[in-house]
There are 8 protein chains.
Amino acid sequence: MNKKFFETLTEDNCVLAMIDHQTGLMVGVRDFDQASIQANIQGLCELATTMHIPSIITASMPEGPNGPVMPEIFEALPEANYVPRAGEVNAWDSEEFVKAIKATGKKKIIMAGIVTDVCLMFPAIAAVEAGFDVYAVIDASGTWNKTVQEASIHRMNQAGVKISSWASVLAEIMKDWRSEKAMELGQILAKHTSYKWVVQSFMAQQKG
Amino acid sequence: MNKKFFETLTEDNCVLAMIDHQTGLMVGVRDFDQASIQANIQGLCELATTMHIPSIITASMPEGPNGPVMPEIFEALPEANYVPRAGEVNAWDSEEFVKAIKATGKKKIIMAGIVTDVCLMFPAIAAVEAGFDVYAVIDASGTWNKTVQEASIHRMNQAGVKISSWASVLAEIMKDWRSEKAMELGQILAKHTSYKWVVQSFMAQQKG
Amino acid sequence: MNKKFFETLTEDNCVLAMIDHQTGLMVGVRDFDQASIQANIQGLCELATTMHIPSIITASMPEGPNGPVMPEIFEALPEANYVPRAGEVNAWDSEEFVKAIKATGKKKIIMAGIVTDVCLMFPAIAAVEAGFDVYAVIDASGTWNKTVQEASIHRMNQAGVKISSWASVLAEIMKDWRSEKAMELGQILAKHTSYKWVVQSFMAQQKG
Amino acid sequence: MNKKFFETLTEDNCVLAMIDHQTGLMVGVRDFDQASIQANIQGLCELATTMHIPSIITASMPEGPNGPVMPEIFEALPEANYVPRAGEVNAWDSEEFVKAIKATGKKKIIMAGIVTDVCLMFPAIAAVEAGFDVYAVIDASGTWNKTVQEASIHRMNQAGVKISSWASVLAEIMKDWRSEKAMELGQILAKHTSYKWVVQSFMAQQKG
Amino acid sequence: MNKKFFETLTEDNCVLAMIDHQTGLMVGVRDFDQASIQANIQGLCELATTMHIPSIITASMPEGPNGPVMPEIFEALPEANYVPRAGEVNAWDSEEFVKAIKATGKKKIIMAGIVTDVCLMFPAIAAVEAGFDVYAVIDASGTWNKTVQEASIHRMNQAGVKISSWASVLAEIMKDWRSEKAMELGQILAKHTSYKWVVQSFMAQQKG
Amino acid sequence: MNKKFFETLTEDNCVLAMIDHQTGLMVGVRDFDQASIQANIQGLCELATTMHIPSIITASMPEGPNGPVMPEIFEALPEANYVPRAGEVNAWDSEEFVKAIKATGKKKIIMAGIVTDVCLMFPAIAAVEAGFDVYAVIDASGTWNKTVQEASIHRMNQAGVKISSWASVLAEIMKDWRSEKAMELGQILAKHTSYKWVVQSFMAQQKG
Amino acid sequence: MNKKFFETLTEDNCVLAMIDHQTGLMVGVRDFDQASIQANIQGLCELATTMHIPSIITASMPEGPNGPVMPEIFEALPEANYVPRAGEVNAWDSEEFVKAIKATGKKKIIMAGIVTDVCLMFPAIAAVEAGFDVYAVIDASGTWNKTVQEASIHRMNQAGVKISSWASVLAEIMKDWRSEKAMELGQILAKHTSYKWVVQSFMAQQKG
Amino acid sequence: MNKKFFETLTEDNCVLAMIDHQTGLMVGVRDFDQASIQANIQGLCELATTMHIPSIITASMPEGPNGPVMPEIFEALPEANYVPRAGEVNAWDSEEFVKAIKATGKKKIIMAGIVTDVCLMFPAIAAVEAGFDVYAVIDASGTWNKTVQEASIHRMNQAGVKISSWASVLAEIMKDWRSEKAMELGQILAKHTSYKWVVQSFMAQQKG
């Protein structure tokens, strides 16, 4: 395995791509509980905004049955570049999307998509082929059932994609609890996981 | 079965009791995903506020390891009566709690508690004995594992408690989509379930 | 338990009520695989048509986000009475729906609804109170998650509703494989279950 | 339901019966993880010792393949009455066992047994018939698989047995966190559940 | 609950009915692993033969796709009365079947059937109505999926059927390890469960 | 990894092989719900027909207990080449089958088979060895249980087979929603997944 | 991957090693149902005997708590070489065991062991290092829980072991249904899987 | 794969790193039952102490909400080197931690951490990059849910980390039941698994 594989993710060397998290696709997700996947997606986006990671939102024919991108993503990524696609299934087939990625000059891509086996898997593998180091955030992505998720994990892993979770991406970028934005990141983590209750118990005692 | 059993829940004949949803107990919940149970709890409280259903929040020694009641509940129930308990395990053993319930004059109690097998089950059964009609909201309550949840369902059912879900409580009170508050209730339901995506797809098209 | 409880379901003593199987609600079902619940629903409707069981289809505000009743139901129940509701959550609150049920003169109701904890549970319990014998077809109904299904089963069971499956309803009505319509019913059962493969293996050998 | 059903469990009105928790039967338990059921069993026994609840340990032919009672039970219940049985499958068929129960003069029995569908279920139902109020502690009992546990829950529930969990039994007896033994009971609960970590976080801060 | 409910099952007061365990139905069972349900069925039949419990095997049109009764049952119940049915779905509708049951003069029936929601549930409920005390052996029966099993358990329980497991039926009849046939029954239990390994370890040491 | 691995699947560079989806094997599938796997199989075949992808259907001794290929496959693939095998377990051992594959001149094979661990896995690995790029469609294949599916995924993955789902194969070939056949493919996807309800809600509004 | 990896398993190029299937370890298996794993083990051994595949049975201190090798293995492998080990945990550390393997002159080893993460995994990896091609039969092996099974699959896969199922090993060796022993192998497969019912239905019709 | 990969773990060639098993993180673990993961952690630590394997305990800001390292670890590893970290998320970023590892001179690291996807995964991958051979003990580590565990297993496996279980680590180091410390290790294994009951049955008979 080459050196690049082991290089750490930082806010300076990556771009976030949120692919096809559209209302008509969200309803089909069955490998995660709906409340959980929404929390994971929001956490991932808030991380990017907090760390000023360049972000691209794309959608597959949002005026059709797939519906619009879930509004929570636009709210959490107010400065993202939005690239609706005219018809390309694989976002990597969209010149505009790839140009947006390349324009950031980053060599690592944090990717999430719905459905996992199409909207995440195709561009993830294509980006690896194009020389990028891809973090597929499996729990901010979703699909028809657990078996399809597992099949996608195996195929992406085989192609060299890194299978990730949103919390591990956050933690890799945070790097140190003494860093400037660490407290903000800690709050994002707490807001969307059971860690919230731990922090609240702690705070109550600090005051108490 | 007597007539009362079949009487419908309305905003005028019930009181909500939120029992021991404290940060130190929330972390122990394993029969629900954390994001889901939080969504369920918030939905249930928002329903009560919207419909002006009298509400009582109680806590078991919140200054100890159980920690404070999760702040989301106070936010969602700004006018609730808060009854911290000095030590009574079963909220129904607290004179102040029972007085608060009785002061509302209602004969139906919507109850949720953490943990299900103690904080919900004991007052639910005691209230049935005292002549109340109790709706135990199983998905706004949580406990150590699925088997303990099942055991509690069987014992409460045997004692005459009605096993409920937060969405069914909301729907029973809404009663008619043409009622004054129906749209507000519909939004609460959507906000905390996958119904949100259905509504958003619909709205996008209405505008589109 | 009274005599009526043990009386057998026949094509002559029952009516079928299909409640709120609307496209915007179907997408929310997570206690069954989508292909399975659709098969179950179709099988139940085809049974009614084959046996000339009077049938009522109702929908909750089908022009709104709930969407239209799934077309498969209209196709499978071409002679059903369709009662869209203006706003009543509980179909039993709709005068027109109850009138349609009562007009059949039957004392047993086969009911299925989406979601189970609202659209099935409320009218099922109300019908029991009104003196009907209700078969709640749990696998032609669906809801948010397995726990909500379980809660609904417990509450309906407690109220005297009979928890059923579509295949058992079909078999109870078929009664005898030598009856006039038995072969047709057997084909419906086979079409929607793995029994299909058993029959096909058998037929292949008969011919072979 | 009669009054007795609603009477609260106290350290003064009950006896604990630990039935056939033998090493050769423990290995067959598959409805609980081994570490969990052992923790539950120990917690239940420690509760009895702390509250001076009279206790009876019985075993089915411990010199045969069933093996000896797990030593953890003798350690946790040093003052228990031990009644090895010569051959009776149902402990309630053992005169000596029933005499030991009756000698305590208590009308409520907390029972746990391995396997659930035999060693717990038979004496639980027999004791109800004999006029006792039985708490079947389902998570300090174990059996071959989850379905057998479920069948046993339904049959015991039908016969009037109360399906319980060890933590709910502890909490019902504790009654008030200000009672004399409450802190000891709280420590037992913490020792055998994830509540331990909550207490340790709390204590660390108190000191810190 | 009346006295009869609490009366113990003995080899003298019961009859076994094995209903429709046919090869074409066995392949459809999905609430149990195939190896397990076969072991459970064999164990139940061997128990009856060992204890000389009168037994009736019935089949639903065995010359059709349902296929023949699995040969293991005929082997394990060599003296059973075999009643193939010409077409009755519910075995209780077969005069010959009911006559065979009644000819034994027993008031308790141990029943198992495939599929649970039809072949077991219908005759179980009918027999309760006819005044029999029915033990529905849920793990020697099988059906399309777990939810259908659960629905059937709830409906049979509601009608007064006792939900049982094959091992608990064996143990209830064995009654005492010192009884004449206890060792034979113990071997049947061991043969079809993990208890086998416990016994073999024990025996090896006895010899060793 | 070589270039070929990253080359996209198109209707022009692949052949579909449907291996041993016979009625006597379908009944043994337990890693998928029967209704789901049938939907997946039909969807995969309809895709091939729509896109004029050359297709081969093979069967292992269809005149024996394995039974005939499920008729749904012949219906969905009316122009497929049918190669019944005289006895070869591994379809790749059949000269006729391999010849049929090679005659298409394609270097990518979309494969599905029942059972996964034999009928899919053996030819998939053999084809990789022979220089083909194989897409093993795991959800249009089925086997005895989930663990066997997992073992097969690991072994195929290790050998260089691409683990796929039928929907991802469809989407990879569709490539662009503006392509000639995209709407037909979208309808196939909708017909066999919950996406159907999303499309129907959308269409209803378009008309409404 | 080298050529050897793709070479087919035949009765002439392999040896079977059954490692530590001892009664005291069998009781600890929780990643498989007990009836299933026993069926799998028996099927695998019967295959070897039928095909005259040289076989080695080894045991880890069978006179201690691990107990004797399950007698079913000796019965199914009457000509196997039995190598009890004095203390080596990893069978590959036993000179006698390795000598026995090497004496067969085969380069492929079919291995199963209990527990998977020790008794199977260590010799499987060691044998790969020693140049053998190892088939780890995951469903004739068993361990403490599913997660430990998964960890072992990943580690063995990483080391180059082939993860297999007993049925796929049987089918790979059978190769052709027209081969001399194919009918015998087919019967072994049927005897231990649900395929039995398919065959019995078929046979009944052939006669009928 | 190089030679080092196959080298056996011994007490002389490894160091144990216990990373961030802090009370505030333990409560978040949901991929294991709490009683089980605690047993696994204790067993792993006791192994190291018994075999004099150098050990390092590290913690992430233990004075904050994460809380102190669980006291069971300090008790089980009395001679471990304790390295609280000032803020580094990845323990491998802590100079002091890496120095402690390197000071032992060992080239193999047994690692466990909570949460798996951060506290275990980051240092495991970094250590592999630094030339160490890492055993990631997946069952003495824990995280938010099963899917995150699976994602972490795939990513660590891809990077060359060995996915392990605590029992397999113990067994690899024990190597031979005749070795000096084997009996002590056997007792540790028994203490924390169901093997305990097997040993106790055995011992009882030895004495008996």
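Residues numbered from 1 in each chain as written. Chains lettered and ligands numbered in written order. Predicted model: local features only at pLDDT ≥ 70, side-chain atom pairs only at ≥ 80, totals over all residues. Heavy atoms only, no water.

In the annotation of an unreviewed UniProt entry, chain A is listed under the name Hydrolase and assigned to Halobacteriovorax marinus.

### Describing the overall build of chain A
For clarity, the threshold we go by: Note on conventions: DSSP H or I runs of at least 4 residues are helices, E runs of at least 2 residues are strands, and numbering of each starts at the N terminus. Here the radius of gyration uses the C-alpha set of atoms, whereas the globule reference equals 2.2 Å times the residue count to the power 0.38. For the exposure calls, accessible area comes from a 1.4 Å probe over protein chains only, and a residue counts as buried if that area is under 20% of its type's maximum, exposed if over 50%, partly exposed in between. A contact between two residues is defined here by any heavy atoms of the two lying within 4.5 Å. We get accessible surface area from the Shrake-Rupley algorithm with a probe of 1.4 Å; when it comes to residues, only the shown protein chains can shield them. A residue counts as positive if it is Lys or Arg and as negative if it is Asp or Glu; His and the chain ends are not included. We put the charge of a Lys on NZ, of an Arg on CZ, of an Asp on CG and of a Glu on CD.
Helices and strands together make up the secondary structure of chain A, namely 10 helices and 6 strands. Relative to the globule expectation of 17 Å for 208 residues, the C-alpha radius of gyration of chain A, 17 Å, shows essentially globular dimensions. Out of the 208 residues in chain A, the part that is buried amounts to 72%. Within chain A, contacts between residues separated by at least 24 positions form 78% of all contacts whose residues are at least 6 apart in sequence. Here chain A has roughly 6400 Å² of accessible surface; of this, 53% comes from carbon and sulfur atoms. With 18 positive and 24 negative side-chain charges, chain A shows a spacing of 6 Å between the two charge centroids.

### Remarks on the relation of the copies chain D and chain B
Operational definition: What sets the superposition is a least-squares fit of C-alpha atoms, and only residues with pLDDT of at least 70 in both copies go into it.
Rotating chain D by 90° about the axis while translating it 0.0 Å along that axis superimposes it on chain B, leaving an RMSD of 0.0 Å. This pairing of chains is accounted for by a four-fold axis. Comparing interface residues between copies, only 3% of those in chain D also sit at the interface in chain B, which points to a heterologous contact through distinct surfaces.

### Remarks on the interface of chain G and chain E
Applicable threshold: Buried surface area refers to the total accessible area, computed with a probe of radius 1.4 Å, that the two partners give up upon joining, counted for both partners together. A carboxyl oxygen of Asp or Glu within 4 Å of a side-chain nitrogen of Lys or Arg is what we treat as a salt bridge. Polar contacts, as counted here, are pairs of nitrogen or oxygen atoms within 3.5 Å of one another; within protein the pair requires one atom able to donate a hydrogen and one able to accept it, and residues that are adjacent in sequence qualify only if both atoms are side-chain atoms. In the scheme used here, Gly and all other residues not listed as nonpolar or charged are polar, with Ala, Val, Leu, Ile, Met, Phe, Trp, Tyr, Cys and Pro taken as nonpolar and Asp, Glu, Lys and Arg as charged.
Residue-level contacts link 22 residues of chain G with 21 residues of chain E. When chain G packs against chain E, close to 1600 Å² is buried across both sides, 62% of that on carbon and sulfur atoms. It is Thr23, Trp197 and Gln200 of chain G that lose the most area in chain G upon contact with chain E, and together they represent 32% of the buried surface on that side. We note a salt bridge from glutamate 72 of chain G to lysine 196 of chain E, for which the minimum N-O separation is 3.6 Å. The interface formed by chain G and chain E holds 8 residue pairs in polar contact (both at pLDDT 80 or more) in total. Of all the elements in the fold, those that place two or more residues in the side of chain G that touches chain E are helix 2 (23-26), helix 3 (34-50), helix 4 (71-76) and helix 10 (195-207) of chain G. With 6 residues, helix 10 of chain G is the largest single contributor of residues to the side of chain G that touches chain E. Of the residues belonging to the side of chain G that touches chain E, the class tally is 10 nonpolar, 9 polar and 3 charged.

### Some thoughts on the arrangement of the chains
With no contact formed, the shortest span from any C-alpha in chain A to any C-alpha in chain G equals 12 Å. Without any contact between them, chain B and chain G keep their closest C-alpha atoms 18 Å apart.

### Side note on the interface of chain D and chain B
Taken together, the 34 residues of chain D in the interface contact 33 residues of chain B. With both chains or domains summed, chain D and chain B bury close to 2800 Å², and 61% of this area falls on carbon and sulfur atoms. Taken as a group, Phe6, Trp177 and Tyr195 of chain D account for 20% of the area that chain D buries against chain B, more than any other trio of residues on that side. Joining chain D to chain B, the criterion identifies 4 salt bridges. Note that arginine 178 of chain D is salt-bridged to glutamate 88 of chain B, the shortest N-O span being 3.5 Å. On the surface where chain D and chain B come into contact, there are 11 residue pairs in polar contact (both at pLDDT 80 or more). Within the residue set of the side of chain D that touches chain B, elements represented by two or more residues are helix 1 (3-6), helix 7 (146-159), strand 6 (162-164), helix 8 (166-174) and helix 10 (195-207) of chain D.

### Examining the packing of helix 8 of chain D against helix 9 (residues 182-191) of chain D
All names here are of chain D. To keep things clear, this is the line we draw: Here an axis means a line fitted to C-alpha atoms, over the contact stretch when the element is a helix, while the angle between two N-to-C directions is reported on a 0 to 180 degree scale. Angle categories are assigned with fixed cut-offs, so that under 35 degrees is roughly parallel, over 145 is roughly antiparallel, 65 to 115 is roughly perpendicular, and the rest are oblique.
Between helix 8 and helix 9, whose axes approach to 10 Å, the crossing angle comes to 170°. One way to sum up the angle between helix 8 and helix 9 is to call them roughly antiparallel. Each of Trp166, Ala167, Leu170 and Met174 in helix 8 lies in contact with helix 9, whose residues at this interface are Ala182, Leu185, Gly186, Ile188 and Leu189. Classifying every residue of the contact of helix 8 with helix 9 gives 8 nonpolar, 1 polar and no charged.

### Some details on the environment of methionine 26 of chain H
Assignment of secondary structure puts methionine 26 of chain H in helix 2 (residues 23-26). Between the C-alpha atom of methionine 26 of chain H and that of proline 71 of chain H, which follows or precedes it by 45 residues, the distance is 12 Å. When near neighbours in sequence (up to four residues on either side) are disregarded, methionine 26 of chain H contacts Arg30 of chain B, Trp197 of chain D together with Gln34, Ile37, Ile41, Met70 and Ile114 of chain H.

### Things to note about unusual backbone geometry
With an omega of 5°, the peptide bond running from isoleucine 114 of chain F to valine 115 of chain F counts as cis. For valine 115 of chain F, the location among the structural elements is in the loop between strand 4 (108-113) and helix 6 (116-129). Despite not being glycine, lysine 175 of chain D has its phi angle at roughly 65°, a positive value. Here lysine 175 of chain D lies in the loop between helix 8 and helix 9. With a phi close to 55°, histidine 52 of chain H is a non-glycine residue in the positive phi region.

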